[in-house]
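Fold and geometry: a report
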Amino acid sequence: MTSEMTPKKILFVCLGNICRSPAAEGIMRAIVAEKGDEDSWVIDSAGTGRYHIGELPDHRMRIHARRRGLELTHHCRQVTEEDFELFDLIIGMDASNISNLRRIAPSPEAEAKIHAMAEYFSPSARYDYVPDPYYEGAEGFELVLDLLDDGCRNLYNQLAISN
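This section reports on the structure supplied with the text. Along each chain, residue indices are assigned from 1 in the same order as the chain's sequence is written. Local features are withheld for residues below a pLDDT of 70 in this predicted model, meaning they are given only at 70 or higher, and side-chain atom pairs are given and counted only at 80 or more; totals for whole chains, interfaces and linings count all residues. With hydrogens and water excluded, all non-hydrogen atoms of the structure serve as input to the side-chain values.

**Concerning unusual backbone geometry**
- Unlike most non-glycine residues, Asn17 shows phi in positive territory, near 65 degrees.
- By the element assignment, Asn17 lies in the loop between β1 (8-14) and α1 (20-35). The helix count covers DSSP runs of H or I at least four residues long, the strand count covers runs of E at least two residues long, and both are numbered beginning at the N terminus.

Spelled out as structure tokens, the structure:
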């Protein structure tokens, strides 16, 4: 299957690139590895803000992800106009992220690459965005990981089928 797939390049985006987007990146990398398709995917994450550039993801998100077998080692970075050239899909976690991405997009073609993570949730999901767990307790991080696992699996399946 790997050799038949056109490489897919996905950038996950949230505000600070310390909770939601690095978690989505880690989950998607794990799904791709589970399927043996590492060579057919480019997966990264970034933030629309510049608050945490160079930092590891939030320690609470790393702890909750580790409990699920995920190591989040990404170093936070900010979205750039160049990302719109490098990636096929740019996936925002909520309406604010989508709005910020649209402001950054250098062209209508670039803007067409922007999608909401919620587009990939199962119909049974009770959310139409990925909530920011930064000011929440443990349940907020677990909810985000559940939503992202569902969305990333559906995204993988959709893209794998389209090849």
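**Structural notes on the nonpolar core**
- Residues grouped as a nonpolar core are buried Ala, Val, Leu, Ile, Met, Phe, Trp, Tyr and Cys residues, joined through side-chain atoms within 4.5 Å. Here's how the labels work: a residue is buried when its accessible area is under 20% of the maximum for its type, exposed when over 50%, partly exposed in between, all with a 1.4 Å probe on protein chains only. Core analysis: the biggest nonpolar cluster contains 36 residues, and Ile10, Phe12, Met28, Met117, Leu148 and Leu155 have the highest contact counts within it.
- Mapped by element, the contributors of at least two residues to this core are β1, α1, β2 (41-47), α2 (59-67), β3 (89-92) and α6 (138-161).
- By residue number, the principal contributor to this core is α6, which donates 10 residues.
- Contact between two residues is taken to exist if any of their heavy atoms lie within 4.5 Å; hydrogens are not considered. Beyond its immediate chain neighbours, meaning those up to four positions away, Met117 contacts Phe12, Ile91, Gly92, Met93, Val130, Leu148, Gly151 and Cys152.
- Val13, Ala46, Phe84 and Ile114 belong to the second-largest nonpolar core, a separate cluster that totals 12 residues.

**Thoughts on the packing of α1 against α6**
- Between the N-to-C directions of two axes lies an angle of 0 to 180 degrees, each axis being a line fitted to C-alpha atoms and, for a helix, fitted only over the stretch in contact. Following both chains from N to C, one finds α1 and α6 inclined at 45 degrees, their axes separated by 9 Å at the closest point. As far as their axial angle goes, α6 and α1 are oblique. In this structure, the crossing between α1 and α6 has a hand that is right-handed. Together, Arg20, Ala23, Ala24, Ile27, Met28, Ile31, Val32, Glu34 and Lys35 of α1 and Val144, Leu145, Leu148, Asp149, Cys152, Arg153, Leu155 and Tyr156 of α6 make up the contact between the two elements.
- Note that Gly is not counted as nonpolar here; it falls among the polar residues with everything else outside the nonpolar set of Ala, Val, Leu, Ile, Met, Phe, Trp, Tyr, Cys and Pro and the charged set of Asp, Glu, Lys and Arg. Looking at the contact of α1 with α6 residue by residue, the class counts come to 12 nonpolar, no polar and 5 charged. Any angle that falls under 35 degrees is termed roughly parallel, while one over 145 is termed roughly antiparallel, one within 65 to 115 roughly perpendicular, and all others oblique. Take the far helix as your reference; a near helix turned counterclockwise from it by less than a right angle gives a left-handed crossing, and one turned clockwise gives a right-handed crossing.

**Structural notes on the sheet that holds strand β4 (residues 114-116)**
- Note on pairing: DSSP must find at least two bridges between two strands before they are called paired. Read from one edge of the open sheet, 4 strands run β2-β1-β3-β4, paired in parallel fashion. With partners counted over all chains shown, the strands left at the sheet margins are β2 and β4, one partner each. The mean inter-strand angle of the sheet, taken between neighbouring strand axes irrespective of direction, is 25 degrees.
- Sheet topology note: the β3/β4 ladder contains 3 bridges and is parallel. Looking across to β4, one finds that Ile91 is bridged to His115.

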